[in-house]
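Chain by chain, the residues run as shown.
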Amino acid sequence: MQTLTKDRALALALLLIVAVMWVESSSIRPPTSWQPYGSALFPRILLVTIALLSLVLLVRTFFSPATPPPSWSAAVSHWFNRRKSVLALFGIFGLYAALLPVLGYIVATMGFMVASLALLLGMDSRRKWLINLGISGTLVPLVYIIFRYGLKVWLP
């Protein structure tokens, strides 16, 4: 007997949402004389794409072997181990947002860029440090000049 797995439930829920959205997309006004396709075309293309991907997911659930779920502590540990860099990047961004009004745009953004690129690139060689500092040292002043003088937007 087949059980309802997470993937199967997700595929069925998405198909239900697509069906509801398809019916609702019929309330979008029909095309006018100067519109060849109308405003409902793009949402319907997206809905068809989502429906096809959901069907692929649903079919795959019937052919892949079911694996027993891991214990709760093992699942949490595995989740954190796989997302260490993402969580660290959120922490770095939070620190950047807190320091931006204090240090100003150029200093805070330079620190954020160097720290985030160091986290993402992995700083195990002199070459990566040079790339990191080159990108950060070029982009931060360039963005500042574009916003300050080109767009006339004051940055902190």
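Okay, a nonpolar patch on the surface next. A contiguous nonpolar patch, built from Leu121, Ile131, Ile135, Leu139, Leu142, Ile146, Phe147, Leu151 and Val153 and spanning about 690 Å² of accessible area, is present on the exposed surface. Considering each element in turn, the nonpolar patch owes the most residues, six residues, to helix α6 (residues 126–150). Along the chain, the position of leucine 151 falls in the segment after α6.

Right, let's get into the pattern of salt bridges. Oppositely charged side chains may form a pair once their charged atoms are brought near each other. Applying the stated criterion across every chain yields a total of one salt bridge. Of the charged contacts, one joins aspartate 124 and lysine 128 as a salt bridge, the two residues approaching to 3.2 Å between their closest N and O atoms.

Our next topic: the nonpolar core. Counting residues in each nonpolar core, the largest one holds eight residues, listed as Tyr96, Leu100, Tyr105, Ala108, Phe112, Met113, Leu117 and Val140. Breaking this core down by element, the ones donating at least two residues are α4 (84–103) and α5 (105–121). Each residue touching phenylalanine 112, except ones within four places of it in the same chain, is listed here: Ile92, Phe93 and Tyr96.

By secondary structure assignment, the location of valine 18 is in helix α1 (residues 6–25). For valine 18, a relative accessible area of 9% translates into the label buried. Taking the C-alpha atoms as reference, valine 18 lies 9.4 Å from leucine 46; in sequence the two are 28 residues apart. Discounting residues that sit within four places of it in the chain, valine 18 has contacts with Leu47, Ile50 and Ala51.

Here the focus is the packing of α5 against α6. α6 packs onto α5 with a crossing angle of 145° between their chain directions and a minimal axis gap of 9 Å. Handedness of the crossing formed by α5 with α6: right-handed. Within the contact between the two elements, α5 uses Tyr105, Ile106, Thr109, Met110, Met113, Val114, Leu117, Ala118 and Leu121 and α6 uses Lys128, Trp129, Ile131, Asn132, Leu133, Ile135, Ser136, Gly137, Leu139, Val140, Val143 and Tyr144. Grouping the constituent residues of the contact of α5 with α6 by class yields 16 nonpolar, four polar and one charged.

Quick look at the environment of valine 153 now. Its place among the elements puts valine 153 in the segment after α6. Residue valine 153 is classed as partly exposed on the basis of its relative accessible area of 35%. Sequence-distant contacts of valine 153, that is, excluding residues within four places in its chain, are made with Phe147 and Arg148.

What follows concerns the packing of aromatic side chains. In this description, an aromatic ring pair is defined by two values, namely the gap between the centres and the angle between the planes. In this structure the tally under the stated criterion is four aromatic pairs. Seen in terms of ring centroids, phenylalanine 93 and phenylalanine 112 are 5.9 Å apart; in terms of plane orientation they differ by 70°. Their pairing is edge-to-face. Note that phenylalanine 93 is positioned in helix α4 and phenylalanine 112 in helix α5, a separation of 19 residues in sequence. The exposure class of phenylalanine 112 is buried, given its relative accessible area of 18%. Relative to tyrosine 144, the ring of tyrosine 105 has its centre 6.0 Å away and its plane inclined at 25°; by these criteria the two rings are stacked. Within this pair, whereas tyrosine 105 is found in helix α5, its partner tyrosine 144 is found in helix α6, the two being separated by 39 residues in sequence. Under the relative-accessibility criterion, tyrosine 105 is labelled buried at 11%. Taken together through their ring pairs, the aromatic side chains of Phe93, Tyr96 and Phe112 make up a single cluster. Across the ring face of phenylalanine 62, the terminal group of arginine 8 is positioned such that the distance to the ring centre comes to 4.3 Å. Positioned over the ring face of tryptophan 22 is arginine 44, at 4.6 Å from the centre of the ring.

Cut-offs used in this document
- Residues numbered from 1 in each chain as written.
- Predicted model: local features only at pLDDT ≥ 70, side-chain atom pairs only at ≥ 80, totals over all residues.
- Heavy atoms only, no water.
- Patch = residues over 30% accessible without salt bridge, like charges linked within 9 Å, V, L, I, M, F, W, Y side chains within 5 Å.
- Areas by Shrake-Rupley, 256 points an atom, 1.4 Å probe, with all protein chains shown as cover.
- Salt bridge = Lys/Arg side-chain N within 4 Å of Asp/Glu carboxyl O.
- Helix = DSSP H or I, 4+ residues; strand = E, 2+ residues; numbered from the N terminus.
- Core = buried A, V, L, I, M, F, W, Y, C linked by side-chain atoms within 4.5 Å.
- Buried < 20%, exposed > 50% of the residue type's maximum accessible area, 1.4 Å probe, protein only.
- Contact = heavy atoms within 4.5 Å.
- Axes fitted to C-alpha atoms, helices over the stretch in contact; angles between N-to-C directions.
- Left-handed = near helix turned anticlockwise from the far one by under 90°.
- Nonpolar A, V, L, I, M, F, W, Y, C, P; charged D, E, K, R; others polar.
- Phe/Tyr/Trp six-rings, centres within 6.5 Å; stacked < 30°, edge-to-face > 60°.
- Lys NZ or Arg CZ within 6 Å of the ring centre and 35° of its normal.

Read these as geometric descriptors, not functional statements.
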